[in-house]
Amino acid sequence: MDRRPERGHRCVPHTADVRIEAWAPTREACVAEAVVALVDTFTDPGAARPTAEREFHVRAEDDEDLLVDVLDEVIFRLDTAGELPLRTEVADDGDGGLRVRWHTVDTDAVELIGAVPKAVALHELRFGPDGPGWSCAVTLDV
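Residues numbered from 1 in each chain as written. Predicted model: local features only at pLDDT ≥ 70, side-chain atom pairs only at ≥ 80, totals over all residues. Heavy atoms only, no water.

Student: Explanation requested: the sheet that holds strand S1 (residues 8–12) in the structure shown.
Tutor: The strands that make up a sheet pair up through hydrogen bonds in the backbone, lying either parallel or antiparallel. With respect to topology, four strands assemble into an open sheet ordered S1-S2-S9-S8, the strand pairing being antiparallel. Each of the sheet's edge strands pairs with one partner strand only, and the pair in question is S1 and strand S8 (119–130). Between one strand and the next, the sheet's axes are offset by a mean angle of 15 degrees, whatever the strand orientation. Note that S1 and strand S2 (residues 18–24) share five bridges and pair antiparallel. In the strand pairing of S2, Gly8 is matched with Trp23. Contacting S1, S2, S8 and strand S9 (133–141), helix H1 (residues 27–40) crosses the sheet at an angle of about 145 degrees to S2. Across the sheet, helix H2 (residues 63–81) touches S8 and S9, and the angle it forms with S8 is around 130 degrees. (Pairing = 2+ DSSP bridges. Helix = DSSP H or I, 4+ residues; strand = E, 2+ residues; numbered from the N terminus. Axes fitted to C-alpha atoms, helices over the stretch in contact; angles between N-to-C directions. Contact = heavy atoms within 4.5 Å.)

In structure tokens:
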């Protein structure tokens, strides 16, 4: 019997890179949980509080591409703007895409505790319905 909580994430052992798994009741909540999992692999936000909000829209051919695009955006904004999402809200746009809202913090307000991801690997990527909810597994190149 599966006793994991309705929503959550974890890091799983992987050679050389970082692998995360996330799960939630809906596709959108699973994407949001995957963002938390990614950020948790290399930071300890401690008592950090959001200082800004960012919104963006993602369209893609399939659900896996949507997930990758959102996670790639985390890495892109880390590299270019020095900010990370502390909270993530994801909504279906009604046309197959996603609207994403982040409550962000500057990277200098969080403690870096691990290797910073450089990219989302497509190898062994998984995202889709899983029992009563959705789950994903993603490898991050570090």
